[in-house]
Each structure stands twice: as structure tokens, then as C-alpha cells.
Amino acid sequence: MGRVLGVIIMLLGVGTFALPAGVLASAFSEERKRRDFMLTWNLIAKVPLFSVLDAAEIAEITQLLRPVEVMANEVVFHKDDVADSMYFIVSGELEAELSHQPRRLQASEYFGELGLLYHRPRSATVIAMTRAELLELDAKDLHQLFERKPKLHDQIMQEAERRLANDRANDQADATSD
């Protein structure tokens, strides 16, 4: 009888410590997910392409993102590849090898969106200069979002047109200064 009582007390003791540990681990995991979501949300909200969106639309895009890690000197994509996704830089440094001059890309920047939006091949090769963490937005996910929200498509395309016009103006200014 004493042994049975001892085993019961031992199991209750283990359960008494295991239950709060499980609750703490679960709460820690949820808090980490919430923090990661907020960091991603803030990154997406800073992107000029998505500046016209409201909080719910940004949250919807955030749910579509997939983390990608690239190592130093790894090619993210090559010039003339099919544009099947765009990327947001969480950390690290990359370089886009453009026709006129290379461009450094750092945390909080994004790339690959124009080929995705205009269904054209990549205009540059992008290489990781350091280990980098990226968030990838797949073309099919973005286009499905556009099908559900045509107004969102129109807003993003208007912003992309403004960005293209700015890029063209900067390219012309660079060409005249050379």
C-alpha cells in the first residue's frame, strides 16, 4: 500500500511541475510567433510598393511569406530567369548585378517585384554578399491575392509604375552624369 501511494505522489509531483512547464513553453512559442509576425508586418509596411495597403491587407500578405536563408556568395536568381517570386531582406547584404552598375541591397529592402508584376524575366543577377535571411512571396500566392482583391492589384500596379518612372529618371540622370 505504501509503494502504491508513493508512486501516486511521485506522478502527481512530476505532473505538478510538467503542467506549468508546458504552459510556459506554449506561451513562449506564441509570444515568439507574435513578435516574428510584428517584425514581418513592419518590414512589409515599410515597402513603398505596399504603402497604399491597409493593415488587414498587409497582414494577409504577411501570411503568404516564406522564410529563406542564403549563404554568402550564393546566387538568389540569375538575370533572365523566370520571375516566380519577390524577396524582402530581413538581414544580410546582397548585390544586384545590373547592366549599368551593381547595387547593394540591405535589410528592410526588397527586390524581384517588377518581373513578378509585369510577367517578365529577371533584369539582374542577385548574389548574397553575406549570409542573409529573406522572406519570399511566391508569384502564384500574390496573383491569387490579386484575384480576390482586384483593387489591391490596381493600387500595387500604380505604385510599381511610379517606381519604374523613378528608376528610369535615375538611370537617365546617371547616364548624363557619366
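Conventions used here
- Residues numbered from 1 in each chain as written.
- Predicted model: local features only at pLDDT ≥ 70, side-chain atom pairs only at ≥ 80, totals over all residues.
- Heavy atoms only, no water.
- Helix = DSSP H or I, 4+ residues; strand = E, 2+ residues; numbered from the N terminus.
- Buried < 20%, exposed > 50% of the residue type's maximum accessible area, 1.4 Å probe, protein only.
- Contact = heavy atoms within 4.5 Å.
- Axes fitted to C-alpha atoms, helices over the stretch in contact; angles between N-to-C directions.
- Parallel < 35°, antiparallel > 145°, perpendicular 65-115°, else oblique.
- Left-handed = near helix turned anticlockwise from the far one by under 90°.
- Nonpolar A, V, L, I, M, F, W, Y, C, P; charged D, E, K, R; others polar.
- 1 Å grid on protein atoms, 1.4 Å probe; cavity = no way out; pocket = protein on both sides within 12 Å on 5 of 7 lines; lining within 4 Å.
- Points joined across faces, edges and corners; volume = space filled by probe spheres on them.
- Core = buried A, V, L, I, M, F, W, Y, C linked by side-chain atoms within 4.5 Å.
- Pairing = 2+ DSSP bridges.

> Mind showing me how you'd approach the environment of Tyr110 here?
Summarising the element assignment, Tyr110 is placed in strand β6 (residues 110-111). On the basis of relative accessibility, which here comes to 7%, the residue Tyr110 falls in the buried class. If sequence neighbours within four positions are ignored, Tyr110 has contacts with Val47, Pro48, Leu49, Met86, Tyr87, Phe88 and Arg163.

> Help me understand the packing of helix α2 (residues 55-64) against helix α4 (residues 139-148), please; the structure alone is not making it clear to me.
Each pair of packed helices can be described by the angle between their axes along with the distance between the axes. As a packed pair, α2 and α4 sit with axes 10 Å apart at the nearest point and diverge in direction by 150 degrees. By the angle between their directions, the pair α2 and α4 is classed as roughly antiparallel. The element α2 and its partner α4 pack so that their crossing is right-handed. Residues Glu60, Ile61 and Leu64 of α2 touch α4, and the partners they reach there are Asp141, Leu145 and Arg148. A per-class count over the contact of α2 with α4 returns three nonpolar, no polar and three charged.

> Would you mind showing me how to read the layout of surface pockets here?
Over the atoms a probe the size of a water molecule is rolled, and this reveals where empty space is left. Size it by volume and the second largest pocket reaches roughly 560 Å³. Lining the second largest pocket we find 21 residues, and of these Asp36, Leu39, Thr40, Val90 and Leu135 sit closest to its centre. Mapped onto the lining of the second largest pocket, the elements with two or more residues apiece are α1 (2-46), α2, β1 (66-70) and β8 (132-138). Top element by residues in the lining of the second largest pocket is α1. It accounts for ten residues. Looking at the lining of the second largest pocket, its residues break down into nine nonpolar, five polar and seven charged.

> I keep staring at the nonpolar core and nothing clicks. Help me out?
Considering soluble globular proteins, one finds that nonpolar side chains tend to be buried as a cluster. In this structure, Leu49, Phe50, Met86, Phe88, Leu117, Leu137 and Ile156 are the most contacted members of the largest nonpolar core, which totals 26 residues. Residue assignment for this core shows that the elements contributing at least two residues are α1, α2, β3 (85-91), α3 (113-118), β8, α4 and α5 (150-177). If we skip the residues at most four places from it in the chain, Leu49 touches Met86, Tyr110, Glu113, Leu117, Ile156, Glu159 and Ala160. Core analysis: the second largest hydrophobic core is formed by 15 residues, Val76, Tyr87, Leu94 and Leu105 among them.

> What am I meant to see in the pairing of strand β7 (residues 125-128) here?
Within a regular strand, the side chains alternate between the two sheet faces. Here β7 shows two buried faces, one formed by Thr125 and Ile127 and the other by Val126 and Ala128. In this structure, strand β2 (residues 75-77) lies alongside β7, joined through two bridges in antiparallel fashion. Residue Val75 lies in a different strand from β7, and its bridge partner there is Ile127. In terms of strand pairing, strand β4 (residues 93-97) meets β7 through four bridges, oriented antiparallel. Bridged to Ala96 within β7 is Val126.

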